[in-house]
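Single-letter residue listing:
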Amino acid sequence: MRKTKGAAAPFFHRPARGRSRVGLAMAGGGPLGATWEVGALCALEEAIPGLDFTDLDGYVGVSSGSFIAAALANGMRPRMLCASFIENDPAVAADIVSPTLFVRPAVGELLARLVSLPLLATQAGWQLALGRRSFIATIERLGRALPTGLFSHAPLEARLREVFSAAGRSNDFRQLKQRVVLVATDLDSGEAAPFGQPGWDHVPISRAVAASAALPGLFPPVAIGGRWYVDGALKKTLHARVLLDQGLDLLLCLNPLVPFDATHAPRHRVLGANGRIPQIVQGGLPLVLSQTFRTLIHSRLELGLKGYEASHPDTDIVLFEPDQRDPDMFLANILSYSQRRELAEHAYQKTREDLRSRRSSIGAMLARHGLALDDAALDDPRRHLVEPRGPRFTALARPLQRLDEVLDDLEQALAAAA
C-alpha cells in the first residue's frame, strides 16, 4: 500500500443546503508560516476561481495567521500579499509588510528589566545573607530581570496600523463586512481572547494581531485593557470553532507547521552529506526543539479536527498543510530574501500538487457547494508564483511527478469508495 502523499487531510462529507457559507481558518508559524500560507492561498485562489478569498463568510487567525486573515478581510488578495510580504515589490510600497518587522530587538523591554536588576540583586542578596532564602530561590528572584521577549511587536503593529488604515480598509473590526476573529491567550488566566467577537471588537486590529502573534520568549506580552496577552496557539492550534458555530457549510483550514518525518527519504535538497537527515538529533538543539514544538501543536490540531467532526457534522472541513516528508519548510531560513521567494514558490507548487493528488475528493466536496477546480489552471506547468530562476524539473521528472499525483488521487478515491 502506497503511503498517501502530502497533506492528506480528513474530509467530513456533508450535504450543502442552499447557498454555501465558506470560512477560512489559519494557524500560525511566524514569518515562516505566513510565507507558506501566502503561497498556498495563491495556489488555492487560482485553482478555485469561484471562491473570492477576500469575500468569505468568516475568518479566524492565530499568531501569524491573524495577519493574513486581517489582510484578506481588508481586501488584500493573496497575490497582493505576495507582492507586499514576500517580494517587497516597490509597486505596492504603501502595503509592504516586511518579515524583518518580526525580528526587531525589544530594546525597551530589555532596558526596563535591566533597570530593575540592581534593586532585585540587593533584595535577593540581603535575604540570602539573613538565611531567609536558599541560593536557588535567590537565583529565581533574579530571573525577574530577564526580558520576557527578544523582539518587539511595536514595529509590526505600527506598520499594520498604517496598512489597514489606508483608503477602503479599516483597522476596526466593527467596520469590516465579514466576521474576523483573531485569537490570543490571556497570560494570567490561560483563557482564549477572541478579538473581533462581540465584546472584544473594540480593540484595533493591528493591536489584536500583535497580541495573537506574541509567542512567549520571542515577543513580550501585549497589554490591552489592563490585561496581558500572548500567542493564541498556546490554547489551540486553529480555534476553528468560533467560525463553525456560525453554521458554516465549508471551512478551509491552513496549517503551515508540521513535524518532519525524517524516516522517509525526501526527494529534495536537505542537510547531510548524502542529502538526507537520517535522524533529527544530528541537527542539534535547534532541530530538536523545532520538531518538539511542531509535534505538540500538530497533535492538538489532529484532536481538534476529530472534535469538529463530531460537534459540527453539517460542515465540510478540509485541511491544507505541508508534506511531512518535505524538509524545505523544516530547514528554511526565513531571514533570507531569496529563500522567502523560494519558500513561497515552493508552497504554491506543493499546494497545486496536493490539489492534483486529491482532485477527485476535493472536486466532489467543492461541487456540493457550487464550486469547482479549474483543471486547466491546475495542470498548467508554466504557472509560477514568483519568476523562476532556473529549471525546476528535468524532462523525466515532471511526468513521474504527475504519475505519482494521479496514483495518489486514485488511492484516495478507492479508499473513499471502500
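Everything quoted here is computed from the prediction, not taken from an experiment. (Residues numbered from 1 in each chain as written. Predicted model: local features only at pLDDT ≥ 70, side-chain atom pairs only at ≥ 80, totals over all residues. Heavy atoms only, no water.)

*Asks:* Can you explain helix H12 (residues 359-367)? Please cite residues and give values.
*Replies:* Every buried residue of H12 is accounted for by Ser361, Ile362, Met365 and Leu366. The buried residues of H12 occupy an angular sector of 130° when projected down its axis, which confines them to one face. (Buried < 20%, exposed > 50% of the residue type's maximum accessible area, 1.4 Å probe, protein only. Helix = DSSP H or I, 4+ residues; strand = E, 2+ residues; numbered from the N terminus. Arc of directions from axis to C-beta.)

*Asks:* So what's going on with the packing of helix H2 (residues 64-73) against helix H7 (residues 205-212)? Residues and values would help.
*Replies:* Each pair of packed helices can be summarised by the angle the axes make with each other and by the distance between the axes. Contact pair H2 / H7: the axes reach a minimum separation of 7 Å and the direction vectors enclose 155°. By the angle between their directions, the pair H2 and H7 is classed as roughly antiparallel. When the axes of H2 and H7 are compared, the crossing they make is right-handed. Across the interface between the two elements, Ser66, Phe67 and Ala70 of H2 pack against Ile205, Val209 and Ser212 of H7. (Axes fitted to C-alpha atoms, helices over the stretch in contact; angles between N-to-C directions. Parallel < 35°, antiparallel > 145°, perpendicular 65-115°, else oblique. Left-handed = near helix turned anticlockwise from the far one by under 90°. Contact = heavy atoms within 4.5 Å.)

*Asks:* Can you tell me about unusual backbone geometry, naming the residues and giving the values?
*Replies:* One non-glycine residue, asparagine 88, lies in positive phi territory at about 50°. Relative to the helices and strands, asparagine 88 is located in the loop between helix H3 (78-86) and helix H4 (107-129). Classification of asparagine 88 by relative accessible area gives partly exposed; the value is 22%.

*Asks:* Which residues make up the pattern of salt bridges, and what values do they have?
*Replies:* Counting across every chain of the model gives 21 salt bridges. Where arginine 79 meets glutamate 46, a salt bridge forms, and the shortest distance between an N and an O atom there is 2.6 Å. Of this pair, arginine 79 sits in helix H3 while glutamate 46 sits in helix H1 (residues 30-47), placing them 33 residues apart in sequence. Residue classification places arginine 79 among the partly exposed residues on the basis of a relative accessible area of 32%. Here arginine 169 and aspartate 95 are joined by a salt bridge, their closest N and O atoms 2.6 Å apart. Of this pair, arginine 169 sits in the loop between helix H6 (154-164) and strand S3 (179-186) while aspartate 95 is found in the loop between H3 and H4, placing the two residues 74 residues apart along the sequence. Each of the salt bridges in this network shares a partner with another, and the network as a whole consists of Glu46, Arg79, Asp380, Arg382 and Arg383. (Salt bridge = Lys/Arg side-chain N within 4 Å of Asp/Glu carboxyl O.)

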